[in-house]
Amino acid sequence: MKATKTPQTVSRRAALRKGLAVAGRAALLPSGLGALLWAQPQTAGAAAPTADLLKHKPGLRMLGDRPLNAETPAHLLNDFVTPASKLFVRNNGVPPGYTDPANWMLEITGEACERRQYFSIDDLKARFEVVTRHLVLECGGNGRSEFRPRVSGNQWTTGAVGCPRWTGVRLADVLKACGVTPNAVYVGYESADTHLSADPKKQPISRGVPIEKGLEDDCLLAFAMNGAPIPDVHGAPLRLIAPGYPGSASGKWLKTLLIRDRVHDGAKMTGSSYRVPCEPVAPGSKVSDEAMCIIEAMPVKSLITAPRSGLSLKAGEALTVSGHAWSGAGAIADVALSTDFGVSWQSARLGAAENRFGWQRFEHTLTLPGPGYYEIWARARDEAGATQPMLVPGWNPKGYLNNAAHRIAVEVLA
Ligand SMILES: Nc1nc2c(c(=O)[nH]1)N[C@H]1C(S)=C(S)[C@@H](COP(=O)(O)O)O[C@H]1N2
Ligand SMILES: [Mo]
């Protein structure tokens with residue numbers, strides 16, 4: 001007679017595996033972790049633009065190919081300076097294709113611009129101080145996939161963020177050279193990409209920053225990334241970098257800057273685009289236009305980039321956990337880690353930022369108490385005193401600003 005396994009003969013190891021399998025189907029957890037656990041990047045059957053993008057960015061997860069969008073798995077974001085091969089891609093329309101830096105002209109105009117001027121990229125380099133800054137670029141919709149009820153748009157998990165080094169001139173210097181009149185309210189951008197409908201009268205996106213932000217030192221008109229010309233897909237030959245603000249403020253393929261005497265009213269400045277309810281609403285609410293406010297500074301956030309979620313360790317083995325933390329409010333004051341579902345917290349070693357709005361590295365070595373399933377949670381606090389929530393915060397119609405603490409799963413083998 002063949003022996004049948006009774007529950008008593010099922011090994012502890014098998015039981016653990018079964019538990020993990022359940023977690024892998026997201027049955028045990030209210031949000032993202034299940035999907036993060038064992039999901040692999042979906043690259044099979046890629047269409048042409050997708051295949052081309054993935055050639056330059058192996059391991060990124062495609063979210064769509066028209067427009068082209070792709071995010072970076074957390075474990076590929078471990079570099080302090082994000083290389084081009086690992087930077088997420090967010091397009092709202094159709095990119096212009098090859099752009100010739102030698103023949104590119106940036107126009108500065110608008111109601112609150114004293115002197116309309118044109119600058120070639122060589123003019124910018126010759127007339128203004130060239131600076132290099134390590135600056136976070138994060139899509140306002142990063143983390144959208146965790147909102148319930150679900151919201152439409154690219155279902156970003158945690159990977160619509162990166163921190164390359166950008167080289168360019170200060171936006172403020174260029175604006176001042178053109179003269180900013182006292183009635184200035186906003187700096188809007190117009191770009192060379194085209195609307196998905198191919199209608200030349202429509203722009204895919206035309207956003208920007210309040211004039212106060214534009215006149216701060218941190219915003220750049222960038223022509224290089226990590227010491228090389230900006231890659232086409234990231235806005236060559238010239239883009240705005242407005243750090244601390246949602247990525248959508250950082251216009252790519254920059255053609256025109258408008259110094260506006262009102263809040264800029266370009267594409268995706270109104271309705272539910274890059275806006276959230278001014279006051280908190282119940283999940284699933286319909287929110288009127290008048291009750292929506294434009295997203296400005298991004299909230300405090302962190303990402304565990306090593307180890308990769310799903311790691312198995314031997315009992316007693318030390319584990320070094322690392323990642324990055326950043327905030328639209330400025331510097332990070334602390335990153336704390338928990339291995340017991342938030343009951344207790346240990347502060348990680350925190351590196352300095354290279355400059356304002358650069359992300360900071362955290363690292364901590366810990367030993368888990370014994371065999372079993374663990375989650376490692378990371379929670380950052382910024383210098384303004386804001387910390388990350390443990391659960392998905394403030395539901396909003398387009399699913400922006402999810403800065404819930406990042407979690408990874410680890411199993412310790414007996
Ligand atoms: N002209 C233009 N600029 C743009 C966009 C765009 O579609 N067109 N997307 C914006 C959004 S929503 C984000 S998050 C960032 C993404 O920059 P990346 O693709 O270089 O990562 O660019 C912003 N600038
Ligand atoms: Mo974005």
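Please read these numbers as outputs of a predicted model, since none were measured by experiment.

The rules behind these values
- Residues numbered from 1 in each chain as written.
- Chains lettered and ligands numbered in written order.
- Predicted model: local features only at pLDDT ≥ 70, side-chain atom pairs only at ≥ 80, totals over all residues.
- Heavy atoms only, no water.
- Core = buried A, V, L, I, M, F, W, Y, C linked by side-chain atoms within 4.5 Å.
- Buried < 20%, exposed > 50% of the residue type's maximum accessible area, 1.4 Å probe, protein only.
- Helix = DSSP H or I, 4+ residues; strand = E, 2+ residues; numbered from the N terminus.
- Contact = heavy atoms within 4.5 Å.
- 1 Å grid on protein atoms, 1.4 Å probe; cavity = no way out; pocket = protein on both sides within 12 Å on 5 of 7 lines; lining within 4 Å.
- Points joined across faces, edges and corners; volume = space filled by probe spheres on them.
- Nonpolar A, V, L, I, M, F, W, Y, C, P; charged D, E, K, R; others polar.
- Domains from an automatic or database assignment.
- Disulfide = S-S within 2.5 Å.
- Salt bridge = Lys/Arg side-chain N within 4 Å of Asp/Glu carboxyl O.

Ile108, Val174, Leu221, Leu238, Leu254, Leu257 and Ile259 are the most contacted members of the largest nonpolar core, which has 38 residues in total. At the level of secondary structure, the elements contributing two or more residues to this core comprise β4 (105-109), α4 (121-127), α5 (171-178), β10 (186-191), β12 (220-225) and β15 (254-260). Counting residues per element, this core draws most heavily on α5, at five residues. The contacts of leucine 238, once residues within four sequence positions are left out, are Trp104, Leu106, Ile121, Leu124, Leu221, Ala222, Phe223, Lys252, Trp253 and Leu254. Within the second largest apolar cluster, 20 residues are counted, among which are Ala348, Phe362, Tyr374 and Ile376.

With that settled, the discussion passes to the layout of surface pockets. Of the voids in this model, the second largest pocket is the one considered here, and its volume is about 380 Å³. What lines the second largest pocket is a set of 19 residues, among which Asp52, Leu53, Leu68, Asp232 and Val233 lie closest to the centre. Class assignment of the residues belonging to the lining of the second largest pocket gives a composition of nine nonpolar, five polar and five charged. Mapping the lining of the second largest pocket onto the domain boundaries places at least three of its residues in each of domain 1 (12-56 + 67-85 + 298-413) and domain 2 (89-294).

To continue, consider the state of the cysteines. Summed over all chains, the structure comprises one disulfide. A disulfide bridge connects cysteine 278 with cysteine 293, and the sulfur atoms are separated by 2.1 Å. Its S-S torsion of approximately 105° makes the covalent link between cysteine 278 and cysteine 293 right-handed. With cysteine 278 in the loop between β16 (275-277) and β17 (292-294) and cysteine 293 in strand β17, the pair connects residues that are 15 residues apart, well separated along the chain. Cysteine 278 sits in the partly exposed class, given a relative accessible area of 39%.

Turning our eyes to something else, we now look at the pattern of salt bridges. Throughout the structure, instances matching the rule amount to 17 salt bridges. For the salt bridge of lysine 86 with aspartate 79, the shortest nitrogen-to-oxygen distance reads 3.1 Å. Look at lysine 86 and you get partly exposed, because its relative accessible area is 23%. When its relative accessible area of 30% is taken as the criterion, aspartate 79 is described as partly exposed. Its salt-bridge partner being glutamate 129, residue arginine 170 comes within 3.1 Å of it at the nearest N-O pair. In this pair, arginine 170 sits in strand β9 (residues 165-170) while glutamate 129 sits in the loop between α4 and β6 (130-134), placing the two residues 41 residues apart along the sequence. Arginine 170 gets classed as buried once you look at its relative accessible area, which sits at 11%. A single salt-bridge network, built from bridges that share partners, covers Glu111, Arg260, Asp261, Arg262 and Asp265.

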